[in-house]
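As a plain string of letters, each chain reads:
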Protein chains: 2
Amino acid sequence: MLINILILASEHQNENLGMDQTFLIDHYGIGWVVTSYSIHITELPQKDSVVKMTTRGTSYNRYFAFREFWLHDQDDNELVKVESIWVLMNEETRKITPINKDVIAPYQSENVRRIPRLPRPERIEPHDDVTSKEYQVRWSDIDFNGHVNNSRYPEWMLDSLPMEFLNNHEPANIDIRFENEVKYGNRVTSSVVVDSSDNAKIKTVHEIKSNDVLSASATIVWKEIQVKGND
Amino acid sequence: MLINILILASEHQNENLGMDQTFLIDHYGIGWVVTSYSIHITELPQKDSVVKMTTRGTSYNRYFAFREFWLHDQDDNELVKVESIWVLMNEETRKITPINKDVIAPYQSENVRRIPRLPRPERIEPHDDVTSKEYQVRWSDIDFNGHVNNSRYPEWMLDSLPMEFLNNHEPANIDIRFENEVKYGNRVTSSVVVDSSDNAKIKTVHEIKSNDVLSASATIVWKEIQVKGND
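Residues numbered from 1 in each chain as written. Chains lettered and ligands numbered in written order. Predicted model: local features only at pLDDT ≥ 70, side-chain atom pairs only at ≥ 80, totals over all residues. Heavy atoms only, no water.

Moving on to the pattern of salt bridges. Applying the stated criterion to the full structure yields 34 salt bridges over all chains. Ionic pairing is found between A:Glu181 and A:Arg94, a salt bridge with its closest N-O pair at 2.4 Å. Of this pair, A:Glu181 sits in the loop between strand E8 (169–178) and strand E9 (187–195) while A:Arg94 sits in the loop between strand E4 (78–90) and strand E5 (96–97); the two residues are 87 residues apart in sequence, bridging distant segments of the chain. Overall, the relative accessible area of 37% leaves A:Glu181 in the partly exposed class. Using a relative accessible area of 22% as the deciding quantity, one classes A:Arg94 as partly exposed. A salt bridge links A:Arg138 to B:Glu155; its shortest N-O distance comes to 3.4 Å. Highlighted residues: A:Arg138 in the loop between strand E7 (131–136) and helix H4 (152–159) and B:Glu155 in helix H4 (residues 152–159), drawn from two different chains. The exposure class assigned to A:Arg138 is buried, which follows from its relative accessible area of 1%. Classification of B:Glu155 as buried rests on a relative accessible area of 15%. (Salt bridge = Lys/Arg side-chain N within 4 Å of Asp/Glu carboxyl O. Helix = DSSP H or I, 4+ residues; strand = E, 2+ residues; numbered from the N terminus. Buried < 20%, exposed > 50% of the residue type's maximum accessible area, 1.4 Å probe, protein only.)

Written as structure tokens, this is what we have:
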């Protein structure tokens, strides 16, 4: 849901700047595609709390754009910070194109030589103790562009973990990288390795594959859910 | 999403009347469970349109409560009308209990001998030409109470249909009935029979089963999506 809402926030900005999805396709035959998120969660919002999502197209170079997101509560406490890397993709060839000056200008992003490097998710090693689950891609997993919605990857990743673990832990940090698009009708395998060598800071390493091709990878650092007292 | 929002609307009313989920469990050990919806869709909301969901606990008898929902656009046109039947279930035994007077009183529902009967979905017959798809229940399909969220059944039902059909049709009428709860870790089979004998009014009959036990059934009547002209 967090990912859905941040996508919504960035698309709202695109619209306000006259650079929405439909316009980019119609005029340039291109579209924005996210390649990675680095998500740092201080606190997840509670039921009925009102939150504010802010976003900024911070900087870009020849091929990559760096976009930041912040989720704040009503007292302006930062709940979540997200850094992300985006590329422009040719809608027909599905290949990356250089960032068009006319398209990026309205964001007043800084043109830089190097954009920040996000932490690269770890990969599962052959000797790791892996748990895997298989999924049929559902119609409701698919975006208007015929590919799996990005928010489904974390869903499959989480689902590979035991329910008891999920009921007692929440993510503190998520580094996720999208590699190859998955289409309708495909089956995907969600694999996970749990590293609980540091008990206070359990880490999980995830891979989503479709036909043995890597679609997404992630490293998640967890914290135990604290039951709040009545103070 | 429509089902998620109507559940939210009814839970908001429950809260406003001091009869929310948590209160019912803590004080009576019971909870509301929907057994069927009859959904009539005049028009689905467009992107960015503002809609209003209204609900009323209309009537009840010894075991069943009849609740209605309306979705209106900003000009007060009715987009969707939903009729639904609810029961109170003991949270421990998962058995239906008679409707408690104290629990129903705040709704000012009419106490009737017979509540309206909703259309019963058709069932798939042995000689029908059936298409089936199998799903792993995901953690994100599960409600706080450990059972599959009701909104997932229509999702599985729709997904059993070809993508091309879904891209060109939208539901005009959905009669859905929930029979048995599905839990985490289960696998479900979504089966469908397409009746296109009346080409202007294609009808599909759906069954969701888990371990050969019927979980939900539905009849959906479809209309072709009309591409709107610029008039």
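Alright, that's what it looks like, and here's the rest.
Tallying the contact residues gives 22 residues for chain B and 22 residues for chain A. Looking at the side of chain B facing chain A, the largest losses of area belong to B:Arg138, B:Trp139 and B:Met163, adding up to 37% of the total buried there. The interface formed by chain B and chain A contains six salt bridges. Residue B:Asp141 is joined to A:Arg138 by a salt bridge in which the shortest nitrogen-to-oxygen separation is 3.1 Å. Where chain B packs against chain A, one counts twelve residue pairs in polar contact (both at pLDDT 80 or more). Those elements giving two or more residues to the side of chain B that touches chain A turn out to be strand E7 (131–136), H4 and helix H5 (163–168) of chain B. Split into classes, the residues belonging to the side of chain B that touches chain A amount to ten nonpolar, three polar and nine charged. (Contact = heavy atoms within 4.5 Å. Buried area = accessible area lost by both parts, 1.4 Å probe. Polar contact = N/O pair within 3.5 Å; in protein donor to acceptor, adjacent residues only side chain to side chain. Nonpolar A, V, L, I, M, F, W, Y, C, P; charged D, E, K, R; others polar.)

Before going further, it helps to examine the relation of the copies chain B and chain A. Superposing chain B onto chain A requires a rotation of 180° together with a translation of 0.0 Å along the rotation axis, leaving an RMSD of 0.0 Å. The transformation just described matches what one would write down for a two-fold rotation axis. Of every C-alpha in chain B, the one belonging to B:Tyr135 sits nearest the axis of rotation, 3.7 Å from it. (Least-squares fit on C-alpha atoms with pLDDT ≥ 70 in both.)

With that out of the way, let us pick up the side chain of A:Asn149. Residue and element names in this part refer to chain A. Note that Asn149 resides in the loop between E7 and H4. Relative accessible area serves as the criterion here: at 19%, Asn149 is assigned to the buried category. At 2.8 Å, the side chain of Asn149 forms a polar contact with the side chain of Ser151. With sequence-adjacent residues up to four places away left out, Asn149 is seen in contact with Asn4, Asp141 and Asp143.

Here the focus is H4(B). When you tally the buried positions in H4(B), you get eight out of eight residues, the bulk of the element. Those residues of H4(B) that fall on the buried side of the exposure criterion are B:Arg152, B:Tyr153, B:Pro154, B:Glu155, B:Trp156, B:Met157, B:Leu158 and B:Asp159.

By themselves, these are just geometric observations and shouldn't be taken as functional.
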